[in-house]
Amino acid sequence: MTVVTRFPPSPTGYLHIGSARTALFNWLYARHCGGKFLLRIEDTDRKRSTQEAVGAIIEGLKWLELGWDGEAVFQSRNAARHAAVAAALLAKGRAYRCYCTPEELTEMREQARREGKPTLYDGRWRDRDPSEAPAGVAPVVRIKMPRDGKTTIADLVQGEVTVGNEQLDDFILLRADGTPTYMLSVVVDDHDMGVTHIIRGDDHLNNAFRQYYLFAAMDWPIPAFGHIPLIHGADGQKLSKRHGALGVEAYRDMGYLPEAMRNYLLRLGWSHGDAEIVSTQQAIEWFDVAAIGRSPARFDLAKLESVNAHYMQASANARLVELVLPFIEKRQGEPVGSDGRARLLAGMDGLKPRAKSLAELAGNALFYVSRPQHPLTNAKAAAMLADDAPQRLSEAAGALAAADWKAASLENAVRAYAEAHGVGLGKVAQPLRAALTGSNASPGIFEVMEVLGKAETIARIQAVPGVTAHA
RNA sequence: GUCCCCUUCGUCUAGUGGCCUAGGACGCUGGCCUCUCACGCCGGAAACAGGGGUUCGAGUCCCCUAGGGGACGCCA
């Protein structure tokens, strides 16, 4: 049997982080089994679905590099088919028309709650003769669910879950206006698309029991279910926009790499022994729904950053330059020239172990594309330029001018200068750092000089107020 | 209110009755390295929610309590 999984977002917003993980798991499982991963846009709620949301979701999946097989299915286009299935169920006697008004249903629920009973539809039209139908009320179509006994689902993640059938009411298949409900649409589409494994958030666990009987009523094979726990915010509460339930594009814009995002999301709920850094290839090989944990996980930005830092260090310098460019250009408001790009590439080895995100990398790399402006805004760096620093810089510039322009020889020159004047290396290196980078923290200063080149280095030193032209 | 699910360091987790004086990772922290900041390396603090069973033996199995989450729509 070929495994077929699907990801069915409703296009009412961006692709948020929990959905992204669900998509990842479905994608991994399909790839692991050599099966298919399908995308279905559940746009049956015409009022809330938007074209922008469809675009955002597709962009999000593409960014995460979770490719789907075949064309995306738009659920709204299958409405006629869904209605036909409801009609078939009606003809088979597995469904019936219900003439209750919304007000009547509300009253029914309120009373049930008052009496401490489950707030479910009581089946009052299940066996009533259609001739009793009130005039002027358009009926809905409801499925006939079993009235007693219990139902057990062997969930791939949760294990065996049993519920009393009295908890399952005759839910609506077709609304009064003839349009299908979610419950009908998913089942019909999952069947028609040949879905074999439904892996989704455990907020759908209850729905599985209802859908189970809908498949059964049509004599369709019942797919396997795997309900994964939801992701919570750092405070343990439901993930909301305040703490992490951002669209994946927000994480992209914060400067996280897609492979880091995948690795982080993978470890949120799934594990393989002590493995932390798991390549996508390795994940496909190892992934198993049974290894997904059953308790909800909290979203932890610090860990994401750490994983991201790992993948940044593993990235090729040229790729990092391309990825960081937009961040730098956004910060300085103008394009980076070819000199700047060349410096970024040459300096990347020193830059990348110092950043956990592309945004941070951009901030640290700014000095390579534009000169520090005096007076420096960085107070600590400004302090390094005080007192006798200008004199040291003037003299050091002289020592530098004679050196071969390589980090090692530049270092030798500065060390020799410091020794000759009886000062620590830091006394010279720190003013140089402030002069060249405008900051008190940077890659190794001799590496910086090499990358900047002789002319630029000397120019930046001479730009420091109080430094006398020497070289 | 009814039903379902969950509960190991702050966080993500390993653990499937003895290998656990509970392991790893992030974070925190002490140190080393050092031109700064990182990286890296070495070390530390830090958890089986509580209570009953079952068993020679329980983090691992059962029950109860507490806490957390989810679902109860003519939304998806």
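Every chain is numbered independently, its residues counted from 1 as its sequence is written. As a convention, the first chain written is A and the first ligand written is 1, with the rest following in written order. Under the rules for a predicted model, residues below a pLDDT of 70 receive no local features and side-chain atom pairs below 80 are neither given nor counted, while totals for whole chains, interfaces and linings still include all residues. Only hydrogens and water are removed before side-chain values are computed, so all heavy atoms of the structure are retained for them.

K.L.:
I'm lost on unusual backbone geometry in this one. Help?
P.N.:
With glycine set apart, most residues show a phi of negative sign, and most peptide bonds adopt trans. With omega at 0 degrees, the peptide bond leading from His374 into Pro375 counts as cis. Take Pro375: it is sitting in the loop between helix 13 (358–369) and helix 14 (379–384). Despite not being glycine, Glu65 has its phi angle at roughly 60 degrees, a positive value. In this scheme, a residue with accessible area under 20% of its type's maximum is buried, one over 50% is exposed, and one in between is partly exposed, where area comes from a 1.4 Å probe on protein chains only. For Glu65, a relative accessible area of 46% translates into the label partly exposed. Strands here mean DSSP runs of E at least two residues long; helices mean DSSP runs of H or I at least four residues long; both are numbered from the N terminus.

K.L.:
Whenever I open this one, the domain arrangement of chain A confuses me. Can you help?
P.N.:
How big an interface is tends to be reported as the loss of accessible area on association of its parts. The domain architecture assigned to chain A consists of domain 1 (78–181), domain 2 (250–369) and domain 3 (379–462). What marks off one domain from the next here is an automatic or database domain assignment. Once you take the C-alpha centre of each, domain 1 and domain 2 turn out to be 48 Å apart. Contact between two residues is taken to exist if any of their heavy atoms lie within 4.5 Å; hydrogens are not considered. Across the boundary between the two partners, domain 1 contributes four residues, which contact five residues of domain 2. Defined in terms of a 1.4 Å probe, buried area is the accessible area two parts forfeit on being brought together, summed over both. Carbon and sulfur atoms make up 60% of the surface buried where domain 1 meets domain 2, a total of about 360 Å² over both sides. Any residue that is not Ala, Val, Leu, Ile, Met, Phe, Trp, Tyr, Cys, Pro, Asp, Glu, Lys or Arg is counted as polar, Gly included; the first ten are nonpolar and the last four charged. When its residues are assigned to classes, the side of domain 1 that touches domain 2 shows two nonpolar, two polar and no charged.

K.L.:
Can you help me understand the state of the cysteines in this one?
P.N.:
The bond known as a disulfide is covalent and runs between the sulfur atoms of two cysteines. In this description, a disulfide is simply a cysteine sulfur pair whose atoms lie within 2.5 Å. Within the structure shown, the criterion is met by zero disulfides. Note on Cys98: no disulfide assigned, nearest cysteine sulfur contributed by Cys100 at a separation of 3.7 Å. On the basis of relative accessible area, Cys100 is assigned to the buried category, the value being 9%.

K.L.:
I'm lost on the environment of Gly398 in this one. Help?
P.N.:
For Gly398, the position within the fold is in helix 15 (residues 389–401). Spatially, the C-alpha atoms of Gly398 and Tyr417 are 9.7 Å apart, while their sequence positions differ by 19 residues.

K.L.:
Explain the pairing of strand 10 (residues 224–228) to me, please; I cannot follow it from the model alone.
P.N.:
The two faces of the sheet receive side chains in turn, since in a regular strand these alternate between them. Most of strand 10 sits out of view: four of its five residues are buried. Strand pairing follows a simple DSSP-based rule, namely that at least 2 bridges must link the two strands. Bridging between strand 9 (residues 197–201) and strand 10 involves five bridges; their strand directions are parallel. Its bridge partner being in strand 10, His197 is matched across the sheet by Ala224. By definition, the crossover connecting two strands over a helix is right-handed if that path, from the first strand to the second, turns clockwise as seen with the strands pointing away from the viewer. For the crossover from strand 9 across helix 6 (residues 205–217) to strand 10, the handedness is right-handed.

K.L.:
Help me out: how do you make sense of the packing of aromatic side chains in this one?
P.N.:
When we look at a pair of aromatic rings, we describe it by the centre distance and by the angle of the planes. Classification of ring pairs rests on two measures: the distance between centres of Phe, Tyr or Trp rings, Trp counted by its six-membered ring, which must be within 6.5 Å, and the angle between planes, read as stacked under 30 degrees, edge-to-face over 60 and tilted in between. What the rule picks out here adds up to eight aromatic pairs. Ring centres of Phe367 and Tyr368 lie 4.2 Å apart, and the angle between their planes is 35 degrees; this geometry places the pair in the tilted category. Comparing Phe367 with Tyr368, the two get one shared label, buried. Through pairs of rings, three or more aromatic residues link up here, namely Tyr251, Tyr256, Tyr264 and Phe299. Here, a charge over a ring means that NZ of Lys or CZ of Arg falls within 6 Å of the ring centre while also lying within 35 degrees of the ring normal. The ring of Trp125 carries the charged tip of Arg128 above its face, separated from the ring centre by 3.9 Å. Taking the ring centre of Tyr121 as reference, the NZ or CZ of Arg142 above it sits at 3.5 Å.

K.L.:
Quick question: what am I supposed to make of the packing of helix 11 (residues 317–332) against helix 12 (residues 338–351) here?
P.N.:
Angle between the axes and distance between the axes: these two values describe a pair of packed helices. Axis lines are fitted to C-alpha atoms, over the contacting stretch for helices. Their N-to-C directions set the angle, which ranges from 0 to 180 degrees. Contact pair helix 11 / helix 12: the axes reach a minimum separation of 9 Å and the direction vectors enclose 125 degrees. Judged by the angle between their axes, helix 11 and helix 12 are oblique. For helix 11 against helix 12, the interelement crossing comes out right-handed. On the side of helix 11, the interface is formed by Asn317, Ala318, Leu320, Val321, Glu322, Leu325 and Ile328, while helix 12 contributes Arg341, Leu344, Leu345, Met348 and Asp349. When its residues are assigned to classes, the contact of helix 11 with helix 12 shows eight nonpolar, one polar and three charged. Working definition: roughly parallel below 35 degrees, roughly antiparallel above 145 degrees, roughly perpendicular at 65 to 115 degrees, and oblique for all remaining angles. Left-handed describes a crossing whose near helix is turned anticlockwise from the far helix through less than a right angle; right-handed describes the clockwise counterpart.

K.L.:
Teacher, can you tell me more about the nonpolar core here?
P.N.:
Generally speaking, a soluble globular protein has its nonpolar side chains buried in company with each other. By size, the foremost hydrophobic cluster in this structure holds 57 residues, and its most contacted members are Ile328, Leu344, Leu361, Leu400, Leu432 and Met449. Looking at which element gives the most residues to this core, the answer is helix 13, with eight residues. Formed jointly, this core draws a minimum of three residues from each of two domains, domain 2 (250–369) and domain 3 (379–462). Among all residues touching Leu400, those that are not within four sequence positions of it are Trp405, Leu410, Ala413, Val414, Leu432, Met449 and Ile461. Of all hydrophobic cores here, the second largest spans 48 residues; its members include Leu15, Ile17, Val248 and Val289. Each nonpolar core is a collection of buried residues, namely Ala, Val, Leu, Ile, Met, Phe, Trp, Tyr and Cys, held together in the definition by side-chain atoms within 4.5 Å.

K.L.:
Would you mind showing me how to read the pattern of salt bridges here?
P.N.:
Side chains that differ in charge, positive against negative, can pair when their charged atoms come close. Whenever a carboxyl oxygen of Asp or Glu lies within 4 Å of a side-chain nitrogen of Lys or Arg, that contact is scored as a salt bridge. Evaluated as defined, the whole model comprises 25 salt bridges. Of the charged contacts in the structure, one is a salt bridge between Arg343 and Glu456, with a shortest N-O distance of 4.0 Å. Remark: Glu456 occurs in helix 19 (residues 454–462) and Arg343 occurs in helix 12; sequence separation between them is 113 residues. A residue is classified by how much of its surface remains accessible, and Arg343, at 15% relative accessible area, is buried. The structure contains a network of salt bridges with shared partners spanning Arg6, Arg40, Glu42 and Asp190.

K.L.:
Explain the protein's contact with RNA strand B here, please?
P.N.:
Residues in close proximity to RNA strand B total 69 residues, the closest being Asp45, Arg175, Arg354, Arg415 and Arg433. Close to the protein, within 4 Å, the atoms of RNA strand B belong to sugar or phosphate groups at a rate of 67%. Polar contacts here mean pairs of N or O atoms no more than 3.5 Å apart (in protein, one a potential hydrogen donor and the other a potential acceptor; neighbouring residues in sequence count only if both atoms are side-chain atoms). A distance of 3.4 Å separates a phosphate oxygen of RNA strand B from a polar side-chain atom of Thr44. Between RNA strand B and Gln430, the relevant distance is 3.1 Å, taken from a sugar or linking oxygen to a side-chain nitrogen or oxygen of the residue. In terms of residue class, the surface near RNA strand B is built from 24 nonpolar, 25 polar and 20 charged. Neighbouring residues are identified by heavy atoms, a residue being near a molecule or strand if any of them is within 4 Å of it.

K.L.:
Help me understand the sheet that holds strand 5 (residues 140–143), please; the structure alone is not making it clear to me.
P.N.:
The strands making up a sheet associate through backbone hydrogen bonding, with each pair oriented either parallel or antiparallel. Strand order in this open sheet of three strands is 4-5-8, and the pairing throughout is antiparallel. A single partner strand is all that each edge strand has here, and the edge strands are strand 4 (95–98) and strand 8 (172–174). Adjacent strand axes in the sheet meet at a mean angle of 45 degrees, parallel and antiparallel pairs treated alike. Taken together, the two bridges between strand 5 and strand 8 define a ladder with antiparallel strand orientation.

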